Amino acid sequence: MKEPGFPIIKLDRYDLISFGMIALILIFSLIRFNYLPQFVDGYYHLSAATGFIKSGGWVGWSWWDYAPLGRPQVYPPLYHFLLAFIQKLGLSGLDSLRITEVLIAPLFFFISWFVLRKIVSSWFAFINLLTLSSFFSFYAHSSANVPATIALIFGFLSWYFFKKGKWISASLFLILSFYTHGGIPWIFFISFLSVMLIKKYRLISLKIVLISLTGALPVFFHQFRYLEYLQFHFTGQIYFIHFSIFILVLGSISLFSHRERDLKSSLFLGYLIGSLIIFFKYPYRLLCAQGIIGFVFFSSFLLEKYFEKLNSLPKKTIFILVCIYLLFFHSTIDLSQGKKPEFNLTNSTYFNFLTGNTDKVLEFKSLFWPKYYRSIVEVIRENTGEREIISSNLKIMAQIFSSLTGRVSSNSMLYEVKPQMPALSIYAPARLIVWIKPADKTLVFLKKKLGWVKIYENDIAFVFRNPNAEACVYSIKAKISFKYVYIVLIIFFFIFILDNVKIKKYYGRR
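Now for a look at the structure at hand. It should be emphasised that the depicted structure is a prediction, and the values quoted were computed from it without experimental measurement.

**Considerations on the sheet that holds strand β4 (residues 241-244)**
Pairing in this open sheet of 3 strands is antiparallel, and the strands run β4-β5-β6 from one edge to the other. Both outer strands of the open sheet, β4 and β6 (342-344), are each paired with one neighbouring strand and no more. The sheet shows a mean angle of 30° between the axes of neighbouring strands, taken without regard to direction. Here helix α12 (residues 245-257) sits on the sheet in contact with β4, β5 (332-335) and β6, set at roughly 55° to β4.

**Description of the sheet that holds strand β8 (residues 408-409)**
The strand order β8-β7-β9-β11-β10 describes an open sheet built from 5 strands, whose pairing is mixed. Unpaired on one side and paired on the other, β8 and β10 (453-457) mark the two borders of the sheet. Alignment of β10 against strand β11 (residues 461-465), held across 4 bridges, turns out to be antiparallel. Bridged to Val453 within β11 is Arg465. Along the sheet, helix α19 (residues 395-405) contacts β7 (389-392), β8 and β9 (432-436); its crossing angle with β7, the most-contacted strand, is approximately 145°.

**Thoughts on the nonpolar core**
The biggest cluster of nonpolar side chains holds 98 residues, and the ones touching the most others in it are Phe156 and Trp159. At 13 residues, helix α7 (residues 146-163) tops the list of elements feeding residues into this core. For Trp159, the residues in contact, after removing those within four places along its chain, are Val115, Ile119, Phe188, Ser191, Phe192, Leu267, Phe268, Tyr271 and Phe297. Listed in part, the 26 residues of the second largest apolar core include Ala48, Trp58, Ile426 and Ala430.

**Concerning helix α8 (residues 167-178)**
The end-to-end C-alpha separation of α8 is 16 Å, in line with the 16 Å expected for 12 residues at 1.5 Å each. Counted residue by residue, α8 has 10 buried out of 12 residues, so it is predominantly covered. Residues of α8 that are buried: Ser169, Ala170, Ser171, Leu172, Phe173, Leu174, Ile175, Leu176, Ser177 and Phe178. Buried residues in α8 make contact with α3 (78-88), α7, α9 (184-195), α10 (202-215), α11 (217-225) and α21 (482-500).

The rules behind each value
Residues numbered from 1 in each chain as written. Predicted model: local features only at pLDDT ≥ 70, side-chain atom pairs only at ≥ 80, totals over all residues. Heavy atoms only, no water. Pairing = 2+ DSSP bridges. Helix = DSSP H or I, 4+ residues; strand = E, 2+ residues; numbered from the N terminus. Axes fitted to C-alpha atoms, helices over the stretch in contact; angles between N-to-C directions. Contact = heavy atoms within 4.5 Å. Core = buried A, V, L, I, M, F, W, Y, C linked by side-chain atoms within 4.5 Å. Buried < 20%, exposed > 50% of the residue type's maximum accessible area, 1.4 Å probe, protein only. Expected span 1.5 Å × (residues − 1).

Quick look at the structure:
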């Protein structure tokens, strides 16, 4: 009689190579720790997390943005809770951002590889990992936009448990995705709708769709309350697009030639359709970030079909050349604002890191400049109280210094949510104004009208005190305290464990 034990997972050569790539991606992330946060979005999320901490939990009104009036806090809160939790462990806000940006991207590549290995095959998972991770634009965005990447992780896990027939667990992870990002969960939601066309999976897909919608109702209701504040806004990323020739050509050929309508094909087609619907006004995210995953799925289908059997020398040679191309070249056609399209022969993630050329891509340049920031942060902390307001002539810089100092700001990012205060009123309530150089006529006018006094200057900015500022901001008490958030998470894990742990009964011998 066999003794109970753990199942042995057989790993093939593609699995071992995949592990090596994921380990390399982790190393790439770790060596950038001191240069993070990478993208300005992180500073917005840190401000929200700091606001949650001061309020004692989740609040539906962002009192720390566009102070003193504020604006609705409609961004899904899970990432903000994660940052707040890390800070409660004793780490600084800056380090909480760095830790998530370092770990989340490698975790995504591991989870996506693991799930695709279970749904399709080890070969498919390997070539999908190689293609996606070597596309430098996607790698950069997976590290920069952490909430979207976390939402992708939850979405892939919902696929995994769906494949296992665990519709409760699949629903739980899709619900978590809805509480993490505004767009990504809908892509996976549409993928489950696509699977409903297969009779065998119709009932379980319907359960996941209905349960996830029900679980996400609170966030939908809150966002609907402030619908009038929401607006569409083109981000600067629209002017920086990197076309992966390899992915788009092979993915398009595969999409129109692929005839299978099984589970994996339906999931991937649903993902691609969902990406086109969600990101049709965001071409960067469609072609360079989360949306490109759908094209990678289909390019991997085409490669898998061709290289299914490496039974000849020509096939083996072509396969090796494809791997070398993706690792060291992965050429792109790059569009930049005001410039002609440029062909970039060597734009692979691995090549850029190994040659130290990561900064040649604008979106991957760090916005953290300690040489200039630290002195300004010290001036702000020494010359303002916790309830006083700061501002800047640039929204991005107002967001950065607000998050680094813990001060509220009369200017902010996330342009999709309108503030209550008029744009011309952003300086009047601010005690300190960080004016990014150069000086201009507007600065001269404001100094004279509002009586600003310069108290500091360095190579990038002036810092002015506004002696007429009288506004102060008090934190709003949380509607949902951290205690209740912890209770909800415990319930989540309890349900998850019940759905996945088999309880066996053992009877003694007579």
